[in-house]
Amino acid sequence: MIEIKKLYKHYGDFVALNNLDLSIGKGELFGFVGPNGAGKTTTMRILSGLLKADGGEVYIGEVNALEDNQALKKKIGYMPDFFGVYDNLKAIEYMEFYASIYGITGKKARKLCMELMELVNLSDKAEFYVDSLSRGMKQRLCLARSLVHNPDLLILDEPASGLDPRARFEMKGILKNLNDMGKTIIISSHILSELAEMCTTIGIIEKGSMITKGTVDEIMSRLVSSNPIKVQIIENKEEAVKIFKEEPLVKNISIDGDYISLGFTGEQDDEAELLAKLIRNNIKVVSFVRESGNLEEVFMMITGNKEVLN
Amino acid sequence: MKINPVYAKELKLRSRTSKFAFTIIIYNAILIFIALLGFESVFNVNWNSYIDYSAASRIYFIIASIEMVMLAFMIPAFTAGSIAGEREKQTLEILLTTTLKPEQIIVGKLMSSISMVLLLVVSSLPVISIIFTIGGVSASDLLRFILLTFVFALYVGSMGMFASSVVKKTVQATVFTYGLGMIVCFVTAIVVFLTNLISNIYYYNVMSGTGPWPDVTGVLYILLINPAFTTINMIFDQYGAYSAMDMLQNGLNGKLPNFIVEHWYWCSIAAQLLCTFCFVKLAAHFLNPLRVKKSKKRGKK
């Protein structure tokens, strides 16, 4: 569905996208994660035809997105992170305005717009003025608006930003629904856990380059071997530390009461051998566990130390 | 026929605000006040011991001039915020991701502003038509005035659209539009004046005040894009007392081709429409997010 090759963009001396490569399949709900300034919005704006790339290739289906702007716009629905609405327009009129841009007018437009508002649970707000709607409702209305021409691809830049937990939950439900309907969706966020719950695939970007891409489980499993091993020892702690220091696969040691945290780069067999060595030396080990870490820790680890994935 | 969606939306939005109804009332109230004042001074025999019917034409002259001046101040206010306002409200970006082309957005916005101006002009017709009660101005004169007003609105409106596309804030765009209007109306006139001055200096200092005066009437072509001059020239022609063009030609020691002089009104309308087209194209260019920005076009590192 989307093929991005060596996408390059700079603002003066600042390189926003550094030969970004990315491939997203049809029907994927792709989460685009990265810290602020990583290049998410730049990528999304290029994909939406709002920004000119300085180099590279972008294909959406058969359409060369960097060459054929009009064809691109027929294929995408875009929702920016910050957007405004027109005062003095009712929600249904707002929808009909965008429908008219795509040549859909009259009763056909009214029917389509009502269906889309139903889809985002706003059908009861059709006659309300847009500026009287809550932020969450405006977000959903904007999402419905982006669907008015039935695009293949939805590009949503931080769609849940500024929403309360309930509105976030509703938004997630709607996006999952749209994904089930076959829409390819790209969502950006700087909060990994927010995307992990709904995205089929996640890509992590930093400093304009894609660091890793895959399902949440895949990314976690790639990282798990770099997590520390936490060992609880109730006797002969000094002896245990001595053993750890002699072990070449142990990179660092930190002690917190009965717990010793090890930076250990070995595989599972090496972990088992280390545990056996402790027991052979009469060290009383209560627990010996490789920490799983949470998504945010993973995100911090990835964006702070990307070589762990290479 | 497919109506420009931006035009339809803008008309709907504008017609829903009380601001525009208020503008129409104020606009016509000023015109009525001036018309009544004119009539009072011309026909009140308690003030004058005679009635000068030819002075009625002067009332038309004054009303038409006032109307043009008011429009000159109002059109930038209508148009300069069109694009800048969308940018400030953060609605422009969404509009640019639709299949609408920048030209369509500009034309839709411009036409909605012009429609409002036309509504103002049409609403003022009864006031201007007061002049018909005593004669002196024909219906064709009035139609020429309305056409010129329409072209003037398009011209200044396109400047507003251009300013609105280039400048990000509404207030700055409005000031920029007034600046462009001043350049077109006053700077062109100053150029003509300076040319006359330089030719006089040249005649006396270089030619020692002998021989024929240097013919610099060619500079008058610049006034084709000056709507103020064309309005004055048209009103003078309709008034019948003087010819603004003859006065200038005499001052500049020559004569423009007869065709231009005789059809100045139409030539100026054509020139203003050409400028309007250029401003619209430029506005669309600056609105296009994918335009090549020369200052940022640097090589890949």
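Residues numbered from 1 in each chain as written. Chains lettered and ligands numbered in written order. Predicted model: local features only at pLDDT ≥ 70, side-chain atom pairs only at ≥ 80, totals over all residues. Heavy atoms only, no water.

Asker: Residues and numbers for the confidence of the model for chain B, please.
Answerer: Mean pLDDT over chain B: 85, with 90% of residues reaching 70 or higher. Every residue in residues 296-301 of chain B is under pLDDT 50, and counting partners more than four places away or in other chains gives 10 contacts. (pLDDT = per-residue confidence, 0-100. Contact = heavy atoms within 4.5 Å.)

Asker: Go over the interface of chain B and chain A with me, naming the residues and quoting the values.
Answerer: Accessible area lost upon the coming together of the parts serves often as the stated size of an interface. Contacts between chain B and chain A engage 30 residues on the former and 37 residues on the latter. Taking both sides of the interface into account, the surface hidden between chain B and chain A amounts to around 3100 Å²; carbon and sulfur atoms contribute 59%. One can count 2 salt bridges joining chain B with chain A. A salt bridge links Glu 93 of chain B to Arg 45 of chain A; its shortest N-O distance comes to 2.2 Å. Listed by contribution, the elements that provide at least two residues to the side of chain B that touches chain A are α1 (5-15) and α5 (92-96) of chain B. It is α1 of chain B that provides the largest number of residues to the side of chain B that touches chain A, a total of 5 residues. (Buried area = accessible area lost by both parts, 1.4 Å probe. Salt bridge = Lys/Arg side-chain N within 4 Å of Asp/Glu carboxyl O. Helix = DSSP H or I, 4+ residues; strand = E, 2+ residues; numbered from the N terminus.)

Asker: Help me get a handle on the pattern of salt bridges, residues and values and all.
Answerer: Residue and element names in this part refer to chain B. Counting across every chain of the model gives 20 salt bridges over all chains. Of the charged contacts, one joins Glu 10 and Lys 109 as a salt bridge, the two residues approaching to 2.7 Å between their closest N and O atoms. Of this pair, Glu 10 sits in helix α1 while Lys 109 is found in helix α6 (residues 102-128), placing the two residues 99 residues apart along the sequence. Classification of Glu 10 as buried rests on a relative accessible area of 8%. Judged by its relative accessible area of 2%, Lys 109 falls in the buried class. For Glu 86, the salt bridge is made with Lys 109, and the minimal N-O distance between the two is 2.6 Å. Separated by 23 residues along the polypeptide, Glu 86 in helix α4 (residues 81-88) and Lys 109 in helix α6 bring together distant segments of the chain. (Buried < 20%, exposed > 50% of the residue type's maximum accessible area, 1.4 Å probe, protein only.)

Asker: Break down the pairing of strand β1 (residues 2-11) of chain A for me, with residues and values.
Answerer: Residues and elements named next belong to chain A. Relative to strand β4 (residues 55-60), β1 runs antiparallel, the two being bridged by 5 bridges. Along β4, the bridge assignment pairs Ile 2 with Ile 60. The pairing of β1 with strand β2 (residues 14-24) spans 7 bridges and is antiparallel. Across the sheet, the residue bridging to Leu 7 is Leu 20, located in β2. Hairpin geometry of β1 and β2 is characterised by an intervening segment of 2 residues between the two adjacent antiparallel strands and by a positive phi of about 65° at Gly 12. (Pairing = 2+ DSSP bridges.)

Asker: Quick one: what's the story with the packing of α4 of chain B against α6 of chain B, residue by residue and with numbers?
Answerer: Residue and element names in this part refer to chain B. Between α4 and α6, the shortest axis-to-axis distance is 10 Å and the interhelical angle comes to 120°. Every residue of α6 that contacts α4 at Ser 82, Ile 83 and Glu 86 is listed here: Ile 105, Ile 106, Lys 109 and Ser 113. Across the contact of α4 with α6, the residue classes break down as 3 nonpolar, 2 polar and 2 charged. (Axes fitted to C-alpha atoms, helices over the stretch in contact; angles between N-to-C directions. Nonpolar A, V, L, I, M, F, W, Y, C, P; charged D, E, K, R; others polar.)

Asker: Tell me about the confidence of the model for chain A, and please be specific about residues and values.
Answerer: Residue and element names in this part refer to chain A. The pLDDT averaged across chain A works out to 86; a share of 92% of its residues lies at or above 70. Taking the mean pLDDT of every element in chain A, the minimum, 66, falls on helix α11 (residues 295-304) and the maximum, 94, on helix α3 (residues 91-101). The low-confidence segment residues 306-310 (pLDDT under 50) makes 9 contacts with residues lying over four places distant or belonging to another chain.

Asker: For the domain arrangement of chain A, give the residues involved together with the corresponding values.
Answerer: Under the domain assignment, chain A is made up of domain 1 (2-222) and domain 2 (228-291). Inter-centroid distance (C-alpha atoms) of domain 1 of chain A to domain 2 of chain A is 47 Å. (Domains from an automatic or database assignment.)

Asker: Give me the packing of helix α9 (residues 227-239) of chain B against helix α10 (residues 244-251) of chain B: which residues, what numbers.
Answerer: Packed helix pairs are specified by the crossing angle of their axes together with the interaxial distance, meaning the distance between the axes. All names here are of chain B. For the pair α9 and α10, the least separation of the axes is 8 Å and the interaxial angle reads 115°. As summarised for this structure, α9 and α10 are arranged roughly perpendicular, according to the angle between their axes. Here α9 contributes Phe 229, Asn 233 and Phe 236 to the contact with α10, which in turn contributes Ala 244, Met 245 and Leu 248. (Parallel < 35°, antiparallel > 145°, perpendicular 65-115°, else oblique.)

Asker: Requested: an account of the packing of aromatic side chains, with residues and values cited.
Answerer: For the structure shown, the criterion picks out 14 aromatic pairs over all chains. Ring centres of Tyr 94 of chain A and Tyr 98 of chain A lie 5.1 Å apart, and the angle between their planes is 65°; on these two criteria the pair is classed as edge-to-face. Here Tyr 94 of chain A and its partner Tyr 98 of chain A are both found in helix α3, 4 residues apart, which amounts to about one turn of the helix. Assessed through its relative accessible area of 1%, Tyr 98 of chain A is described here as buried. In this structure an aromatic cluster arises from ring pairing among Tyr 86, Tyr 94, Phe 97 and Tyr 98 of chain A. In this arrangement the basic side chain of Lys 9 of chain B is found over the ring face of Phe 97 of chain A, its NZ or CZ atom lying 5.2 Å from the centre. (Phe/Tyr/Trp six-rings, centres within 6.5 Å; stacked < 30°, edge-to-face > 60°. Lys NZ or Arg CZ within 6 Å of the ring centre and 35° of its normal.)

Asker: Run through the environment of Leu 22 of chain A, naming residues and quoting values.
Answerer: Residues and elements named next belong to chain A. Within the secondary structure, Leu 22 is located in strand β2. For Leu 22, a relative accessible area of 6% corresponds to the buried category. Leu 22 sits 191 residues away from Lys 213 along the chain, and the two C-alpha atoms are 8.5 Å apart.

Asker: Let's hear about unusual backbone geometry: which residues, and what values?
Answerer: All names here are of chain A. Unlike most non-glycine residues, Lys 6 shows phi in positive territory, near 50°. Here Lys 6 falls in the partly exposed class, since its relative accessible area comes to 48%. In this structure, Asn 236 is a non-glycine residue whose phi angle is positive, near 60°. Assignment of secondary structure puts Asn 236 in the loop between β11 (229-235) and α9 (237-246).

Asker: Break down the sheet that holds strand β6 (residues 76-79) of chain A for me, citing the residues and quoting the values.
Answerer: All names here are of chain A. A sheet is described by the order of its strands in space; here 6 strands give the open sequence β6-β7-β8-β3-β9-β10, paired in mixed fashion. Looking at which strands have only one partner, the edges of the open sheet turn out to be β6 and β10 (209-214). Adjacent strand axes in the sheet meet at a mean angle of 15° when their direction is disregarded. When strand β3 (residues 29-33) meets strand β8 (residues 184-189), the two strands line up parallel, connected through 5 bridges. Bridging across to β8, Phe 32 finds its partner in Ser 188. Across the face of the sheet, helix α1 (residues 40-47) comes into contact with β3, β6, β7 (153-157), β8 and β9 (201-206) while running at roughly 150° to β8. Relative to β6, helix α5 (residues 135-146) is tilted by about 165°, and along the sheet it contacts β6 and β7.

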